[in-house]
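Now for the letters of each chain:
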Amino acid sequence: MKRIGSVALALVLALALCACGARSKDVALKDLHEAVKAAYGENYLPNMAIEEAQLTDVYGVKAEDVEEFLGEAPMISAHVDTFLAVKAKAGRGEEVEKALTQYRDYVAENAMMYPMNMAKVQAAKVIRQGDYVFYLMLGAIDDRLDASEEEQLTFAQQEVQRAVDAIEGLLK
């Protein structure tokens, strides 16, 4: 009898944990965007809105998977900084995450870019919290002349983490 009770309790706890992980607060994309911009201050470079057609044509996200989105990319081609937030339709977050991950991988493997952007491109992240999905390629550039490629990548990863922390701070 104790064994059945223990198994039942474990099952209830496991289901509760799964349910908590799948949900996130309902937060406006504008608020998430403002939090990320505040985290970077003057080092937030994207300044041109990503249009709906670009979401599909460039990033590979299907319109039928999207409830709403907000994105910015740089107007100047010397920069790669990009912020893209997608609130997917209920249950479609995984599809959006796959599309943005494929885009991130494509850019990292195939894009021609200035050497100063290499670490930032390699450090780009796609994160998902429930039906919120983000493509983040943001932050300052490591301007140390003596920094190794590994040090530049670590710096870029720390810079992207600032956006992740700002987003998670609002969604959790």
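Structure: see above.
As the structure is a computational prediction, the values presented were derived from the model and not from experiment.

A. Looking closely at the overall build of the chain. Across its full length, the chain carries six helices and five strands. In sequence order, the chain lays out its α and β elements as α-α-β-α-β-β-α-α-β-β-α. Per-residue burial over the chain gives 36% buried out of 172 residues. When contacts within the chain are restricted to residue pairs at least 6 apart in sequence, those whose partners lie at least 24 apart make up 66%.

B. A look at the layout of surface pockets. Roughly 310 Å³ of internal volume is contained in the largest pocket. Looking at the largest pocket, it is lined by 16 residues, and the ones nearest its centre are Pro 74, Ser 77, His 79, Val 80 and Tyr 103. Of the residues belonging to the lining of the largest pocket, the class tally is 12 nonpolar, four polar and no charged. The calculated volume of the second largest pocket comes to roughly 240 Å³. As for the second largest pocket, its lining consists of 14 residues, and the residues nearest its centre are Met 118, Ala 119, Glu 149, Gln 152 and Leu 153. Contributing elements (two or more residues each) for the lining of the second largest pocket: α5 (118–123) and α6 (149–171). If one sorts the elements of the lining of the second largest pocket by residue count, α6 sits on top with five residues. Here the lining of the second largest pocket is built from residues that sort into nine nonpolar, two polar and three charged.

Criteria and cut-off values
- Residue positions within a chain follow its written sequence, with the count starting from 1.
- The predicted nature of this model means local features are confined to residues of pLDDT at least 70 and side-chain atom pairs, given and counted, to a pLDDT of 80 or more, with totals for whole chains, interfaces and linings taken over all residues.
- Side-chain figures throughout are based on the complete set of non-hydrogen atoms in the structure, without hydrogens or water.
- Numbering of helices and strands runs from the N terminus; a helix is a DSSP stretch of H or I covering at least four residues, while a strand is a stretch of E covering at least two.
- Here's how the labels work: a residue is buried when its accessible area is under 20% of the maximum for its type, exposed when over 50%, partly exposed in between, all with a 1.4 Å probe on protein chains only.
- Pairs of residues are marked as contacts when any of their non-hydrogen atoms sit within 4.5 Å.
- Only protein atoms enter the 1 Å grid used here. Points where a 1.4 Å probe fits but cannot escape make up a cavity, open sets with protein on both sides within 12 Å along at least five of seven lines make up a pocket, and a residue lines them when an atom lies within 4 Å of a point.
- Grid points are joined across faces, edges and corners, and a volume is the space filled by probe spheres set on the points.
- Residues are sorted three ways: Asp, Glu, Lys and Arg are charged, Ala, Val, Leu, Ile, Met, Phe, Trp, Tyr, Cys and Pro are nonpolar, and all the rest, Gly among them, are polar.

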